[in-house]
Amino acid sequence: MSKIDLKVNGHAHTLDIEPSTPLLYVLRNDLGLQGPKFGCGLGQCGACTVIVNGAAVRSCILPASSVKAEVTTLEGLAPNGRLHPLQQAWIDEQVPQCGFCQNGQIMTAKAMLDKNPHPTDAQIRETMNGTLCRCMSYYRVQTAIKRAARTLADQSPASQKEVVA
Amino acid sequence: MSVSHGIPKQIEELLVTNRRGFLRNAGLLAVSFGIYGGAGLAEANAQSTASAQGPGPYPDLDFRQIDSWIVIHENNSATFYVGKTDPGQGTGTGFRQLMSDELDIAFDRTTCIMGSTDITVDQVGSGGSTAMERDSWPMRRVAAEARRVLLQMASTRLGVPADRLAVNDAVITVKADPAKHVTYGELLTGKKFNVTLNGNNVNSVTGQAKTKSIPELKYAGHAAHRDDIPGKVDGSTKWAADVKLPGMVHARNVKPPYACAKLTGIDESSVKNLPGFIKVMSKGNYVAVVCEREEQAIRAARQLKTTWEKPSTAPFPASEDLFKYMRAATPVPGATPTVAGGPGAAFAGAAKTIEAEYEIPFQGHTAFAGAHATADPSNGQMTIYSNDMKSYGMRRGVATFLGMPNDRVRVTYMQGPQGFGRTAAEDAACEAAWIASELGRPVRMQWMRDEETAWDTKSPAFLVKMRGALDAQGRLVGYEYNARSCDYNHLGYNEPDTVLIAQLMGQRRARPAAGSAALPSDMYAIPNRRMIGEVVGLPAVWETPLRTGNLRDPNGPQSAFASESFIDEAAAAAKADALEFRVNMIKAGTNDDNGFRRARSLAVLEAAAKKYGWQPRPSPGPRGTGKILTGRGIAYSFRGQTVVAEIAEVEVNRETGHVWAKRLVCAHDCGFVVNPESLRTTVECGTLHGLSRAIHEEVRFDTEKVTSVDWVSHPTLRHADVPEQIDIVLVNGDPNPNRPDLPPYGAGEASLKPMLAAIGNAIHDATGVRIRRVPFRDDRVLAALKAAGV
């Protein structure tokens, strides 16, 4: 056991744990953040996805001690209780069936849209391809991503300028 | 009553609103789902001395009491309690729509609690797409009766006969004097209904009131957002996987490395110095490791040294030899053919005879997360937190397995990764319960990915031989369907003697379940038919990862792949259009059943064809010359009274063998649609599940073990596979589509059934090559194309 410092969703934590402990178990069992899920423990399905340094990463295979930057989990997307446009799009499009994978779908999409606000259909398929869903909600996920991208574009300062102009 | 942090919203509502002692035994308050507010382990340990549950017992609820189903709160809202579970198709929202209508209360003033054995009546849970078709009726009748009783109470209170009262949104008003009114909440304050209903069983329970006709429904029949979705996208839903209990420990299984292996030794010294190690639990061939923390249990289970003896004979053939094995195997005796007309004479006099044989491998449940459950043995009770869709069966199964009385066991249903039938969630629950009862501490059990994929229950492999006799006019006049299903010892739900831990501990049922091999589901008027479904078994039926159990319409996708591929082959042999060939065969019949399944079969085929823009021509179409070959395929079937026609348009890459379903159309008729919005998503996902089974899914094994252990070795559909366009057409093909008593039928399973055949038919249309084996993986398709010189 050793002391590990983690910053998650704006909060700093110091934890006394085995350094090799995958981040997933620290988030879920020590910090009570259960948006990220255990799906495979192999980095194959995406259920455990969190965002670190702007990238969607698989917390089930990431040693907690290796994480030096702030971690954002699903719970961190709506810090003031106001849903992120992706989350709202997920409700508007009624995306989930069981919903167990949707943490991974939403967080992977978030990292994608942060880097590429206007992804093409092909880019969405490619970026999302490693994020699995056994209920097969994929078609809705893709539709919801496009809806959220439109919402984000409408909210961005550039687009407001365009409207004014 | 303070709000306990992290408790599911529904449970919280039920605890903080006026429950008037209804839940005095529920004891859910000390359960923390979110864990300890982020304060870390110190606080967690401090809480570990708290008691997790009350002293019980948990007797069955009386389904003949309105109070078991409906609670009206003083603030004029209502909570519905139903013995159902909703694994993600939106049935819970549908129940609220139906019950809100019958009770006459605003939908947004209601909540629905499902499938927890101590607070909801036993309606089994879910399964077979029967939620709306069968199980919505008793709850509707109870809600209608509750409304009638409230009207009587208002009549007394207001001194006005009930027929001079009106109800709107749970407010009862004197029609002639709207200033005089009383709310449901005001009528019931401090009181239960205390009204006894009639009925010998939960399915027949009824009061005096009649349910409403369809035109009277305000919520049912209209789109409603599912109430479970917001929590699933903001992270607030608390899942069965999230349950944390004071003093809880983590368990992981150590599975036998081979099927039917005998445990010969455990070297506990290999793990006893690991941090957090508590105990190795073992009996017979069952082995698990228990640790304080989750990652410690995972490590210890991997590190524990065990020795095993292989069985003297191979438990099963390797997957590449499965169909050869099934062909040669002796079927379980007792199957009898279904015969119509004189098939022998029809074949003897045929202008043309066609034959084909279809192969469908074992396909896995492979739930998205490993099976899991948490068991709490405190206070002499056993509470299981599980996502299994049949909580009541789990209660009985666990009670019997542990030798506890039923009323000392309860199962709290919570959300989980998709439950499509008899999943390993049931195995995990018995394992958690056994370890918890032995250890005296709450236990969280979770299967790892390799266990889940290798050891979950499988959908049975099918081998189907078919023959057809065409007359001189190209009509199918003779038909033979000979199915063999590898399904002996098909596992039932929550059987205390067949759950995996019971098998590994040495329990053996005297007579394993016979299994089944379903016949096709169609309305074709083929005058001479002979159909038989036989079951064969593998050499090993116990302690084997190749165990079969219900997976979403357990035999449907297999039988429909064979039968609807074969109809396509017959159409091609007759040089007829695949749609017209089907329609003509249905029209050739004259009898319909009381659900008008024949008329509705024609309606879905017509609706699918219209949506797709189907142009009549024989298959295959003219083959393209480029790298990508395009084709279309149609297939149709029904599941119960729900009728489905599907059209797939595929692109086949002749250089790689890759198949992409570019467009899918599903025309779906399930009678009265309770919530068109959630039905569309459910049908869409079912259609894609069919696509996944058509192009990806297959369990592989050698002669010792299952070698499909993850998402690479048992692949599933991915984002890149998703069609460019999916059209769901909700058809109502009833001859009187506006009839006020149109019943709702099932949905969920029906849409995946014809898809395997639709894809195979489309591949044939595109390439001229008929592939009679799923899944249509790149290498298989490429080999078939090469063999045919395409």
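Residues numbered from 1 in each chain as written. Chains lettered and ligands numbered in written order. Predicted model: local features only at pLDDT ≥ 70, side-chain atom pairs only at ≥ 80, totals over all residues.

Caption draft 1: Inspection of the environment of Gly127 of chain B at higher detail. All names here are of chain B. Take Gly127: it is sitting in the loop between strand S3 (110–114) and helix H4 (131–158). A sequence separation of 263 residues divides Gly127 from Lys390, and the C-alpha atoms of the two residues are 7.8 Å apart. The contacts of Gly127, once residues within four sequence positions are left out, are Met389, Lys390 and Gly421. (Helix = DSSP H or I, 4+ residues; strand = E, 2+ residues; numbered from the N terminus. Contact = placed C-beta atoms within 7 Å.)

Caption draft 2: View of the interface of chain A and chain B. Counting from both sides, the interface comprises 50 residues of chain A and, opposite them, 53 residues of chain B. Those elements that place two or more of their residues in the side of chain A that touches chain B are helix H1 (23–30), helix H2 (85–92), helix H3 (102–115), helix H4 (121–128) and helix H5 (138–155) of chain A. For the side of chain A that touches chain B, the element with the most residues is H5 of chain A, which contributes 4 residues. Split into classes, the residues belonging to the side of chain A that touches chain B amount to 25 nonpolar, 17 polar and 8 charged. (Nonpolar A, V, L, I, M, F, W, Y, C, P; charged D, E, K, R; others polar.)

Caption draft 3: The sheet that holds strand S25 (residues 659–669) of chain B, seen in detail. Residue and element names in this part refer to chain B. With mixed pairing, 4 strands are arranged side by side in an open sheet as S23-S24-S25-S26. Two strands close off the open sheet at either side, each with one partner strand: strand S23 (628–639) and strand S26 (725–730). Taken over all neighbouring pairs, the strand axes of this sheet differ in orientation by 15 degrees on average, direction set aside. Taken together, the 6 bridges between S25 and S26 define a ladder with parallel strand orientation. Looking across to S26, one finds that Cys666 is bridged to Ile728. Helix H17 (residues 676–695) rests against strand S24 (642–653), S25 and S26 of the sheet, and its axis sits at about 130 degrees to S26. (Pairing = 2+ DSSP bridges. Axes fitted to C-alpha atoms, helices over the stretch in contact; angles between N-to-C directions.)

Caption draft 4: Layout of the domain arrangement of chain B. Residue and element names in this part refer to chain B. In terms of domain boundaries, chain B breaks down into domain 1 (9–234) and domain 2 (240–312 + 371–447). Each side of the interface is counted separately: domain 1 has 32 residues, and domain 2 has 28 residues. The residue makeup of the side of domain 1 that touches domain 2, split by class, is 13 nonpolar, 17 polar and 2 charged. (Domains from an automatic or database assignment.)

Caption draft 5: Region of the structure containing the nonpolar core. All names here are of chain B. Val289, Ala432, Ala433 and Ile759 are the most contacted members of the largest nonpolar core, which totals 271 residues. In terms of residue count, the dominant contributor to this core is H4 (10 residues). Sequence-distant contacts of Ala433, defined by excluding residues within four places in its chain, comprise Ala375, Met382, Ile384, Val398, Phe401 and Leu402. (Core = buried A, V, L, I, M, F, W, Y, C linked by C-beta atoms within 7 Å. Buried ≥ 20, exposed ≤ 12 C-beta atoms within 10 Å, placed from the backbone.)

Caption draft 6: Geometry of the packing of helix H15 (residues 578–587) of chain B against helix H16 (residues 597–612) of chain B. Residue and element names in this part refer to chain B. Running from N to C, H15 and H16 cross one another at 165 degrees; their axes reach a closest spacing of 10 Å. What the angle tells us is that H15 and H16 run roughly antiparallel. When you trace H15 past H16, the crossing you get is left-handed. Here H15 contributes Leu579, Arg582, Val583, Ile586 and Lys587 to the contact with H16, which in turn contributes Arg598, Ser601, Leu602, Leu605 and Ala609. Here the contact of H15 with H16 is composed, by residue class, of 6 nonpolar, 1 polar and 3 charged. (Parallel < 35°, antiparallel > 145°, perpendicular 65-115°, else oblique. Left-handed = near helix turned anticlockwise from the far one by under 90°.)

Caption draft 7: Region of interest: the sheet that holds strand S16 (residues 382–386) of chain B. Residues and elements named next belong to chain B. With mixed pairing, 7 strands are arranged side by side in an open sheet as S9-S10-S7-S18-S15-S16-S17. Two strands close off the open sheet at either side, each with one partner strand: strand S9 (277–283) and strand S17 (409–413). Each neighbouring strand pair of the sheet contributes to a mean axis angle of 20 degrees, computed without reference to strand direction. Sheet analysis places strand S15 (residues 372–376) next to strand S18 (residues 443–446), joined by 4 bridges and oriented antiparallel. In the sheet register, Thr374 faces S18, and the bridge partner there is Arg444. Contacts between helix H10 (residues 391–402) and the sheet are confined to S16 and S17, with S17 contributing the most and set at about 145 degrees to the helix.

Caption draft 8: Examining the environment of Asp16 of chain A more closely. Residue and element names in this part refer to chain A. Structurally, Asp16 is set in strand S2 (residues 11–17). Look at Asp16 and you get exposed, because 12 C-beta atoms sit within 10 Å. For the pair Asp16 and Met1, spaced 15 residues apart in sequence, the C-alpha to C-alpha distance is 5.9 Å. In this view, Asp16 contacts Met1 and Lys3; residues no more than four positions away in its chain are not counted.

Caption draft 9: View of unusual backbone geometry. Residue and element names in this part refer to chain B. For the bond from Gly56 to Pro57, the omega torsion is -10 degrees, close enough to zero to count as cis. Unusually for a residue other than glycine, Val124 sits at a positive phi of about 80 degrees. Residue placement: Val124 occurs in the loop between S3 and H4. Although it is not a glycine, Cys260 adopts a positive phi angle of roughly 60 degrees. Turning to its location among the elements, Cys260 is positioned in the loop between strand S7 (249–253) and strand S8 (262–267).

Caption draft 10: How the structure looks around the pairing of strand S2 (residues 78–82) of chain B. Residue and element names in this part refer to chain B. Where burial is concerned, most of S2 is hidden: 5 out of the 5 residues are buried. Across the two faces of S2 the burial is the same, with Ala78, Phe80 and Val82 and Thr79 and Tyr81 all buried. Where strand S1 (residues 70–72) folds back onto S2 in an antiparallel hairpin, the turn is made up of 5 residues, including Asn76, whose phi is positive at roughly 65 degrees. Pairing between S2 and S3: 5 bridges, direction parallel.

Caption draft 11: Broad picture of the packing of H3 of chain A against H5 of chain A. Residue and element names in this part refer to chain A. Interhelical geometry of H3 versus H5 gives an angle of 40 degrees and a closest axis separation of 11 Å. Regarding the angle of H3 to H5, the classification is oblique. Of the two elements, H3 crosses H5, and the hand of that crossing is right-handed. Facing H3, whose interface residues are Gln105, Ala109 and Leu113, H5 presents Val141, Ile145, Ala148, Ala149 and Leu152. Taken together, the residues of the contact of H3 with H5 sort by class into 7 nonpolar, 1 polar and no charged.

Caption draft 12: The arrangement of the domain arrangement of chain A in detail. Residues and elements named next belong to chain A. The domain boundaries assigned to chain A delineate domain 1 (2–77) and domain 2 (85–156). Computed over C-alpha atoms, the centres of domain 1 and domain 2 are 21 Å apart. Between domain 1 and domain 2, the contact holds 15 residues from the first and 15 residues from the second. It is strand S3 (residues 49–52) that contributes the most residues to the side of domain 1 that touches domain 2, 3 residues altogether.

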